Amino acid sequence: MARPLSNILLKGFAGLPAVRSSRTVFGSFNCNGMRYSSTTPSDPDSHEDFRPNNKLESSGISLKDIVEQDVKDNPVMIYMKGVPDLPQCGFSALAVRVLKQYNIPLSARDILEDPELKIAVKSFSNWPTFPQIFIKGEFIGGSDIIMNMHQSGELKEKLQDVAANQKSE
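Residues numbered from 1 in each chain as written. Predicted model: local features only at pLDDT ≥ 70, side-chain atom pairs only at ≥ 80, totals over all residues. Heavy atoms only, no water.

Colleague: So what's going on with the packing of helix H4 (residues 63-73) against helix H6 (residues 115-125)? Residues and values would help.
Modeller: What describes two packed helices is the angle between their axes and the distance between those same axes. Two elements in contact, H4 and H6, have axes whose closest approach is 9 Å; the angle formed by their N-to-C orientations is 65°. Helix-helix and strand crossings are classified by hand; for H4 and H6 the assignment is right-handed. Contacts between H4 and H6 involve Leu63, Lys64, Val67, Glu68 and Val71 from the first element and Glu116, Leu117, Ala120, Val121 and Phe124 from the second. Residue composition of the contact of H4 with H6, grouped by class: 7 nonpolar, no polar and 3 charged. (Axes fitted to C-alpha atoms, helices over the stretch in contact; angles between N-to-C directions. Helix = DSSP H or I, 4+ residues; strand = E, 2+ residues; numbered from the N terminus. Left-handed = near helix turned anticlockwise from the far one by under 90°. Contact = heavy atoms within 4.5 Å. Nonpolar A, V, L, I, M, F, W, Y, C, P; charged D, E, K, R; others polar.)

Colleague: An account of the packing of aromatic side chains is requested, with residue identities and associated values reported.
Modeller: By the definition in use, this model includes 4 aromatic pairs. With a centroid separation of 6.0 Å and an interplanar angle of 90°, the aromatic rings of Tyr79 and Phe134 are classed as edge-to-face. Here the residue Tyr79 occupies a position in strand E3 (residues 76-80), and Phe134 occupies one in strand E7 (residues 132-135), the gap between them amounting to 55 residues. A residue is classified by how much of its surface remains accessible, and Tyr79, at 0% relative accessible area, is buried. By relative accessible area, which is 2% here, Phe134 ends up buried. Of the aromatic side chains, those joined through ring pairs into one cluster are Tyr79, Phe124, Trp127, Phe134 and Phe139. (Phe/Tyr/Trp six-rings, centres within 6.5 Å; stacked < 30°, edge-to-face > 60°. Buried < 20%, exposed > 50% of the residue type's maximum accessible area, 1.4 Å probe, protein only.)

Colleague: Could you give an account of helix H5 (residues 90-100), naming the residues involved and the relevant values?
Modeller: By the burial criterion, the buried members of H5 are Ser92, Ala95, Val96, Val98 and Leu99. For H5, the arc enclosing every buried residue in end-on projection is 165°, short of the 170-degree limit, so these residues lie on one face. Away from its buried face by more than 90 degrees, H5 exposes Gly90 and Arg97. (Arc of directions from axis to C-beta.)

Colleague: So what's going on with the sheet that holds E3? Which residues, and what values?
Modeller: Strand order in the open sheet made by the 4 strands is E6-E3-E7-E8, with mixed pairing throughout. Edge positions in the open sheet fall to strand E6 (107-110) and strand E8 (138-141), since each of these has one partner strand only. Here the strands of the sheet are splayed against their neighbours by 25° on average, with no regard to which way each runs. Relative to E8, E7 runs antiparallel, the two sharing 3 bridges. (Pairing = 2+ DSSP bridges.)

Rendered as structure tokens:
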């Protein structure tokens, strides 16, 4: 019986040294119709205008201060994987979907963009998982807690004055 050509090719490629290499390769690739990319700040092939940079490093503001300011300045703040319009995990998507039902201003930061921000948020809230939702400066919890509060009506009460303030502006 003839084996598919793809099996023969894959087995042939497996013997090549580059395939067995344990070194990390940076660049972009396609998988299941989605395009993924990764970069490294020290990539010599990228012009310095296009290399990733961390604006917070040069600002002199600590990440702890940024988290405190975010929570203080935003009536509803969510630290999540992705952004509200494009969540990168199911729990973040669930939290955003529940919060959007209340038609309130929603502020968010993507913890996937900065691993140090993720650590700072965890230490600020003393909570290990994401998303993390803060309402009027108070840490509420994650998507499971928001969902339970939504189902019990407690979230509606908590967000009433946030929604009222938005309408009066």
